[in-house]
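# Working through the structure, step by step
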Amino acid sequence: MKKDVIIIGAGAAGLMCALTAGKRNRSVLVIDHAEKIGKKIGISGGGRCNFTNLKVSHENYESHNPHFCKSALARFGPQDFIAMVEKHGIAYYEKEAGQLFCKGSSIEIIEMLRKECDAAGVDFRLHCRVEGAEKRGHFYVSTNQGVLESASMVIATGGLSYPKIGATDIGHRLARHFGLAITPLQPALVPFTFHQKDLHALKELSGITIDAEVSCGKRRFRGNILFTHRGLSGPAVLQISLYWNPGERIVINPLPDVDAHELFAEKRRSRAELHNVLSGHLPRRFVEKWCELFLQQEAVKPMHQYTDKALNDIARKLHHWEITPGGTEGYVTAEVTRGGIDTNELSSKTMESKNVPGLFFAGEVIDVTGQLGGYNLHWAWASGYAAGRYV
Ligand code: FDA
């Protein structure tokens, strides 16, 4: 049974590619080693699937070529996906900052994609593990169910994160086999772990959440950060992890809305102790630990006993708390993989390999990684659509 197109991976990108190609009357077979389609969509957004973001722009993506994603995003924007969601009567809402979630469950998005694929005549083979592929005129895909043949092949096998639901490196291996370059891979949108010495000092903060600004180099994000028993998590930390490289330090500003210099100047003549002043703006447990770590006995002095210089130093330290993470929690908990198929190898319009005609890529396997907030699924839809139009 020869097909026009074999798509490896029945995830977000593979399914969007399949239904788009099917609508163009291409005969399409989607193969996946999982027992059902769209497993990662199912667990996304805490089961409610943050399926797109109204503010999608190339600036929300990290890639060695920040312009690569522009064309696909321009051809398939949030409204295009929303139109499909509305056509299927799926209720959704905007959570914050343009992030659209299902009101019910992410299963509805998977069902929508399945129906669209069925209507477009797409065939599926599940429990079908891809082990390799060759091109001899056509593509010959080796699987545990035999060799399958097609005129074109799309690799939509995603990233390395969440191996427990089926992520593998087959996409990267196939790309290398066909001579394509891969940029360095790294877990992203992932909690940080602390070095042992910081862990020892900061373990009492475990469980505390604060609203903070976190920065790494020129990037900064505002949002909740959570101290865990291993390090740091929370939305602002996950965001900054996309821009962090091992060995780099991050800077936390736990008081993004209050100018500590002004606050201290206001209380300059007060008898209140410093940590009581700070507790008006931060959780007491956090303040006590932070003061113990950085100020020791200084913190229990009444405000009027400090010199201006001492207060300025404390304010500066507080707004600029530097931590060098020991690492990240890795692919086990990372939402995505940063890096992937080098975009220099692909046409940004069609997602086709420049050197291997008929070989296409879509989704997270490509070196385009989105920030938290619906951007990664949107990249999967947009790149899947682009490939599906030309495959
Ligand atoms: P995806 O990983 O979806 O699909 C790849 C497919 O290839 C899988 O079905 C896999 O089984 C198959 N495969 C792998 N190896 C194979 C082999 N050897 N043979 C056959 N098949 C093979 N993003 C977002 O925008 N909003 C959100 O709310 C979330 N939430 C979220 C939560 C969690 C816990 C995670 C882990 C991730 C997210 N994401 C997210 C990220 C988002 O889910 C992700 O970027 C996309 O699903 C990627 O889609 P792809 O189709 O590229 O890969």
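Within each chain, residues carry numbers counting from 1 in the order of the written sequence. At least 70 in pLDDT is required for a residue's local features to be given in this predicted model, at least 80 for side-chain atom pairs to be given and counted, and no such filter applies to totals for whole chains, interfaces and linings, which use all residues. The basis for the side-chain values is all heavy atoms of the structure; hydrogens and waters are excluded.

## Looking at the packing of aromatic side chains
Heads up, the rule is: Note on ring pairs: Phe, Tyr and Trp rings are taken, using the six-membered ring of Trp, and paired if centres are within 6.5 Å. Classes follow the plane angle, with under 30 degrees stacked, over 60 edge-to-face and the rest tilted. We count a stretch as a helix when DSSP gives it H or I for four or more residues in a row; a strand needs E for two or more, and each element gets its number in order from the N terminus. A 1.4 Å probe rolled over the protein chains alone gives each residue an accessible area, and that area as a share of the maximum for its type sets the label: buried under 20%, exposed over 50%, partly exposed in between. Counting as a charge over the ring demands two things of the Lys NZ or Arg CZ atom: a distance within 6 Å of the ring centre and an angle within 35 degrees of the ring normal.
With the rule as written, the count across this model stands at 16 aromatic pairs. Relative to W321, the ring of F227 lies with its centre 6.0 Å away and its plane at 25°, an arrangement referred to as stacked. You can see F227 sitting in strand β14 (residues 219-227) and its partner W321 sitting in strand β17 (residues 321-323), a full 94 residues away along the chain. Across the pair, exposure class does not vary: F227 and W321 are buried alike. Following the ring pairs from residue to residue traces out a cluster consisting of F227, F286, W290, F294 and W321. Positioned over the ring face of Y162 is K164, at 4.8 Å from the centre of the ring. Geometry around Y306 places K301 over its ring, the cationic atom sitting 4.8 Å from the centre.

## Let's talk about the side chain of N50
Counted only if it meets this: Here a polar contact means two N or O atoms within 3.5 Å. Within protein one must be a hydrogen donor candidate and the other an acceptor candidate, and residues neighboring in sequence count only if both atoms are side-chain atoms. Every residue pair with non-hydrogen atoms within 4.5 Å of one another is taken to be in contact.
Inspection of the secondary structure puts N50 in strand β3 (residues 50-53). Taking the relative accessible area as the measure of exposure, N50 reaches 9% and is therefore buried. Looking at N50, its side chain comes within polar contact range of the main-chain oxygen of T52, at 3.1 Å. There is a polar contact of 2.8 Å between the side chain of N50 and the backbone nitrogen of G374. Setting aside its immediate chain neighbours within four residues, N50 contacts S44, G45, Q99, L100, F101, G373, G374 and L377.

## Side note on the site of the ligand
We apply this condition: Residue proximity to a molecule or strand is established when one non-hydrogen atom of the residue lies within 4 Å of it. For the area figures, the Shrake-Rupley method with a 1.4 Å probe applies, and any residue is considered shielded solely by the protein chains shown.
With respect to spatial proximity, 30 residues lie near the ligand, and among them A13, D32, T168, E364 and L377 are the closest. A distance of 2.7 Å separates an oxygen atom of the ligand from a polar atom in the side chain of E364. Contact between the ligand and N376: an oxygen atom at 3.3 Å from a main-chain N or O atom of the residue. Here the ligand loses 94% of its free accessible area of 1,000 Å² to cover by the protein chains. Ranked by residue count, the leading element in the shell around the ligand is helix α13 (residues 375-390), at four residues.

## Regarding the sheet that holds β3
Either a parallel or an antiparallel arrangement is found when strands of a sheet pair, and the pairing is made through backbone hydrogen bonds. Stated precisely, the cut-off is as follows: A pair of strands is considered paired only if DSSP assigns at least 2 bridges between the two. Each axis is a line fitted through C-alpha atoms, and for a helix only the stretch in contact is used; angles between axes span 0 to 180 degrees, taken between their N-to-C directions.
The antiparallel open sheet is built from three strands, whose spatial order is β3-β6-β5. Pairing within the sheet leaves two strands with one partner each, and these edge strands are β3 and β5 (92-94). On average, adjacent strands in this sheet sit at an angle of 25° to one another, irrespective of strand direction. The sheet contact formed by β5 and strand β6 (residues 99-102) spans three bridges and is antiparallel. Across the sheet, Y93 pairs through a bridge with F101, a residue of β6.

## Considering a positive patch on the surface
Spelled out, the test is: Here the term patch refers to residues with relative accessible area over 30% and no salt bridge, with like charges joined within 9 Å and nonpolar side chains (Val, Leu, Ile, Met, Phe, Trp, Tyr) within 5 Å. The term salt bridge refers to a side-chain nitrogen of Lys or Arg lying within 4 Å of a carboxyl oxygen of Asp or Glu. Charge counting follows a simple rule: Lys and Arg are positive, Asp and Glu are negative, and His as well as the terminal groups are ignored. One atom stands in for each charge, and that atom is NZ of Lys, CZ of Arg, CG of Asp or CD of Glu.
Among the surface-exposed residues, R24, R26, R75, K349 and R389 lie close enough to one another that they form a single positively charged patch. Looking at the secondary structure, you find R389 in helix α13.

## Some details on the pattern of salt bridges
Counted under the stated rule, the structure contains 18 salt bridges. Across the salt bridge formed by R268 and D308, the nearest N and O atoms sit 2.6 Å from each other. With R268 in the loop between α9 (260-266) and α10 (274-279) and D308 in helix α12 (residues 308-319), this pair connects stretches of sequence that are 40 residues apart. Put simply, K23, K87 and E116 are held in one network by salt bridges that share partners.

## Re the state of the cysteines
Here is the rule: When the sulfur atoms of two cysteines come within 2.5 Å, that pair is taken as a disulfide.
According to the stated counting rule, one finds zero disulfides in the structure shown. For the unlinked cysteine C117, the closest cysteine sulfur is that of C17, found at 9.6 Å. The class of C117 is buried, set by a relative accessible area of 0%.

## Observations concerning helix α4 (residues 78-87)
Note the cut-off: Our arc is simply the arc of the directions from the helix axis toward the C-beta atoms.
The complete set of buried residues in α4 reads P78, F81, I82, M84 and V85. Here the buried residues of α4 occupy an arc of 160° about the axis, which is enough to place them on one side. In α4, the exposed positions angled more than 90 degrees off the buried face are occupied by Q79 and K87. Here the buried face of α4 lies against α1 (12-23), β3, β5, β6, α5 (107-119) and α13. Count one or two residues on from α4 and you reach G89, which has phi positive near 65°.

## Things to note about the packing of α1 against α5
What counts is decided by this rule: Oblique is the label for any angle not under 35 degrees, not over 145, and not in the 65 to 115 range, which are roughly parallel, roughly antiparallel and roughly perpendicular in turn. We call a crossing left-handed when the near helix sits turned anticlockwise from the far one by less than a right angle, and right-handed when that turn is clockwise. As a working rule, the residues Ala, Val, Leu, Ile, Met, Phe, Trp, Tyr, Cys and Pro are called nonpolar, Asp, Glu, Lys and Arg charged, and the rest polar, with Gly in that last group.
Orientation of α1 relative to α5, taken along the N-to-C sense of each, is 25°, at an axis distance of 8 Å. By the angle class used here, α1 and α5 are roughly parallel. Viewed along their axes, α1 and α5 form a crossing whose handedness is left-handed. Contact residues: α1 offers L15, A18, L19 and K23, while α5 offers L113, E116 and C117. Here the residues of the contact of α1 with α5 sort into five nonpolar, no polar and two charged.

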